[in-house]
Amino acid sequence: MGACASSSRGRSNQGKNQKTTKVAAVPATPAVPASASPETEVKSSFKWRIDGFSSLLDKQEGWTNSGYFEIKGLKWYLQLNLKDRKRGDKRDYVSLILVLSKTSDLKPDIVVEASFKLLIYDQAYGKHSKHEFSHHFRTEESRSSGVSCMIPVETLKEPSSSFIVGDSCVFGVELIKLTTTKAKHSSDKVHVQKTNGFSAREAYTWVINDFLALKGQCHSPEFEIGGRKWYLTMYPSGIDDSGEFLSLYLHMAKPEASLRSSEVLVELSLSIKDQVTSNINTKTGRCQFLETKEEGDGWGWAKFMAVKSVKDWYLVKGSCLVEADAAIVG
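Residues numbered from 1 in each chain as written. Predicted model: local features only at pLDDT ≥ 70, side-chain atom pairs only at ≥ 80, totals over all residues. Heavy atoms only, no water.

- The protein chain appears in an unreviewed UniProt entry as MATH domain-containing protein from Urochloa decumbens.

1. So, the pattern of salt bridges
Stage number 1. Inspection of every chain in the model, using the stated rule, returns 5 salt bridges.
Stage number 2. Between Glu323 and Lys273 there is a salt bridge whose closest N-O contact spans 3.2 Å. Placement of the pair is Glu323 in strand S23 (residues 320-328) and Lys273 in strand S20 (residues 263-273), with a sequence separation of 50 residues.
Stage number 3. Residue classification places Glu323 among the buried residues on the basis of a relative accessible area of 14%.
Stage number 4. The class for Lys273 is partly exposed, based on a relative accessible area of 24%.
Stage number 5. For Lys308, the salt bridge identified is with Asp312, shortest N-O distance 2.6 Å. (Salt bridge = Lys/Arg side-chain N within 4 Å of Asp/Glu carboxyl O. Helix = DSSP H or I, 4+ residues; strand = E, 2+ residues; numbered from the N terminus. Buried < 20%, exposed > 50% of the residue type's maximum accessible area, 1.4 Å probe, protein only.)

2. Considering the pairing of strand S9 (residues 93-100)
Stage number 1. Among the 8 residues in S9, 8 count as buried, and that is most of the element.
Stage number 2. Side chains of S9 alternate between two faces, with Tyr93, Ser95, Ile97 and Val99 and Val94, Leu96, Leu98 and Leu100 buried alike.
Stage number 3. Relative to S9, strand S8 (residues 74-84) runs antiparallel, the two sharing 7 bridges. Bridge assignment links Tyr77 to a residue of S9, and that residue is Val99.
Stage number 4. Inspection of the sheet shows S9 paired to strand S12 (residues 149-152) by 3 bridges, in the antiparallel sense. When the bridges of S12 are listed, Val94 appears paired with Ile151. (Pairing = 2+ DSSP bridges.)

3. Remarks on the packing of aromatic side chains
Stage number 1. If you walk through the whole model with that rule in mind, you get 10 aromatic pairs.
Stage number 2. Ring geometry for Trp76 versus Phe137: centroids 5.1 Å apart, planes at 80°, classification edge-to-face. Of this pair, Trp76 sits in strand S8 while Phe137 is found in strand S11 (residues 129-138), placing the two residues 61 residues apart along the sequence.
Stage number 3. Ring geometry for Phe116 versus Phe137: centroids 6.2 Å apart, planes at 40°, classification tilted. Placement of the pair is Phe116 in strand S10 (residues 110-120) and Phe137 in strand S11, with a sequence separation of 21 residues. Across the pair, Phe137 and Phe116 agree in class, each one buried.
Stage number 4. Taken together, the aromatic side chains of Trp76, Phe116, Phe133 and Phe137 make up a single cluster linked through ring pairs. (Phe/Tyr/Trp six-rings, centres within 6.5 Å; stacked < 30°, edge-to-face > 60°.)

Below is the structure:
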């Protein structure tokens, strides 16, 4: 799962609308990095030591997964991103996520309610970076605790912090409380979920007929997912206009009066596809949108992909196909 950065530019023009269709979500399978050596301290906590940590710092982007570990009879893993961004902040941040593994032997109607701390360990002075969270993990709908920008990468790298010692860094999770409950499937329960705004995954396709003619920012027509209006913003030369990377964001349009002042958590995948071959470039993240009377910030990726790659591999007779796949999960 990828991380979402924000964009707050106004909208202007462009693009052709296609029909919205529903698609199924396909969760990723975690891989154990060769340089990582996770170790379980006790049954209510887990430490993940990554040796050769500088190699991760040199990565351009993406998530690194720990191996599986067991807490309270359930299997979990951690996800780490060293290139995350906060809204309105251009610095890189360390993000850490707790994920309930699909290999956990739970029935589909079970909800795991967990309170826990995510940690970055100070290996010399014990001044650990700790963030406390609560999350309802659902076996089919919401296995991830959501993106957590913990500290700036520059803080992590400071020699005085002792977060990195001998080219190793230690991350972890401490469980505070965990309970399992059975979700109700009565009509009343379904009605409550609908009121709270949960939605199935849906996809919207935006066809840009002449990508090479685009200048500055451009916007898709509005479309509906989860009972709310959205639109996409693309910067074909990058939000910084450098011409090196294409930037792509999802925006929430001005909501209805009854929905204002609420917030929704969205699982989002943005893709650029070749309409003839199987080439596809996708980034995935979990982002929170505030519903206000005005159109708010967008969430997405400033460096979605290299502009040269789009031109070389993803255009068909000058046209470009963009897809937004999203679900409201909280």
